[in-house]
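Fold and contact review
Residue-level listing of the chains:
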Amino acid sequence: AQTVTQSQPEMSVQEAETVTLSCTYDTSENNYYLFWYKQPPSRQMILVIRQEAYKQQNATENRFSVNFQKAAKSFSLKISDSQLGDTAMYFCAFMWTGNQFYFGTGTSLTVIP
Amino acid sequence: EPEVTQTPSHQVTQMGQEVILRCVPISNHLYFYWYRQILGQKVEFLVSFYNNEISEKSEIFDDQFSVERPDGSNFTLKIRSTKLEDSAMYFCASSGGDRVNEKLFFGSGTQLSVL
């Protein structure tokens, strides 16, 4: 069975600073995808970044980047130059063939002005 | 760790038919949610449910959708007359509270295919 673990239920960061959210997963699959979703109070799920497991290069999207360590089954999200609008719940998710998604339980990030 | 269970994992139905997607949330949780993801698209919020009534719903959650907690353990999503565009992965989730930092536990989804 696939599992996704987010061990930090809450985090905070000063505006303009950098923060890293951790995520580990467990799978026996070799081909899969990893995602970070942001959920603001509106409850919508916004895709922040995705990573294909077969790609060694870490994905980046503007201020967001990941540190993907396949052997360690780790997929952390780094947010640089944190902004007040980054305050939200962040969910790590794993998907393999068959479109089955597995979500972590979320990390609540607060950006402090 | 406790988990949210969804059944079935795959469901195929004919257009116009009614379907019921079932979820068993974590037993002491009070807040329940449905999300969906159309293949290749974003995960969309449908509805939240608390104290036996809908607390929030999105524009997607129109009159063809309904939710119910029939027996204190199951949480169901009914789609009355399915359309082709209802084909998606549907996720159930539950949480113990509604605070912004509350842990949200997702099920692994039901893949609905409308033919």
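Structure's up top.
This text gives an overview of the structure that appears in the document. What you are looking at is a predicted structure, and each value in this text was computed from that prediction instead of being measured. (Residues numbered from 1 in each chain as written. Chains lettered and ligands numbered in written order. Predicted model: local features only at pLDDT ≥ 70, side-chain atom pairs only at ≥ 80, totals over all residues. Heavy atoms only, no water.)

Right, let's talk about the layout of surface pockets for a bit. Space inside the largest pocket adds up to approximately 510 Å³. Lining the largest pocket are 22 residues, and of these Gln2(A), Thr3(A), Phe103(A), Glu3(B) and Phe106(B) lie nearest its centre. Listed by contribution, the elements that provide at least two residues to the lining of the largest pocket are strand E1 (3-5) and strand E11 (100-103) of chain A together with strand E1 (5-7) and strand E10 (105-106) of chain B. Take the lining of the largest pocket: its biggest share by element is three residues, from E1(A). For the lining of the largest pocket, the per-class residue count stands at nine nonpolar, 10 polar and three charged. (1 Å grid on protein atoms, 1.4 Å probe; cavity = no way out; pocket = protein on both sides within 12 Å on 5 of 7 lines; lining within 4 Å. Points joined across faces, edges and corners; volume = space filled by probe spheres on them. Helix = DSSP H or I, 4+ residues; strand = E, 2+ residues; numbered from the N terminus. Nonpolar A, V, L, I, M, F, W, Y, C, P; charged D, E, K, R; others polar.)

For residues other than glycine, phi is negative in most cases, and the peptide bonds are mostly trans. In this chain, Thr7(B) is followed by Pro8(B) through a cis amide linkage whose omega measures -10°. Positive phi, normally seen in glycine, also occurs at Ala16(A), with a value near 80°. Here Ala16(A) shows up in the loop between strand E2 (10-14) and strand E3 (19-21). Accessibility expressed as a relative area gives 44% for Ala16(A), which makes it partly exposed. (Buried < 20%, exposed > 50% of the residue type's maximum accessible area, 1.4 Å probe, protein only.)

What follows deals with the interface of chain B and chain A. Each partner contributes residues to the interface: chain B has 26 residues there, and chain A has 18 residues. Buried surface at the junction of chain B and chain A, summed over both partners, amounts to about 1,900 Å²; 53% is from carbon and sulfur atoms. Applying the counting rule to chain B against chain A returns zero salt bridges. Elements that contribute at least two residues to the side of chain B that touches chain A include exactly strand E4 (31-37), strand E5 (43-50), strand E9 (88-95) and E10 of chain B. Take the side of chain B that touches chain A: its biggest share by element is four residues, from E5(B). Looking at the side of chain B that touches chain A residue by residue, the classes come out as 11 nonpolar, 10 polar and five charged. (Contact = heavy atoms within 4.5 Å. Buried area = accessible area lost by both parts, 1.4 Å probe. Salt bridge = Lys/Arg side-chain N within 4 Å of Asp/Glu carboxyl O.)

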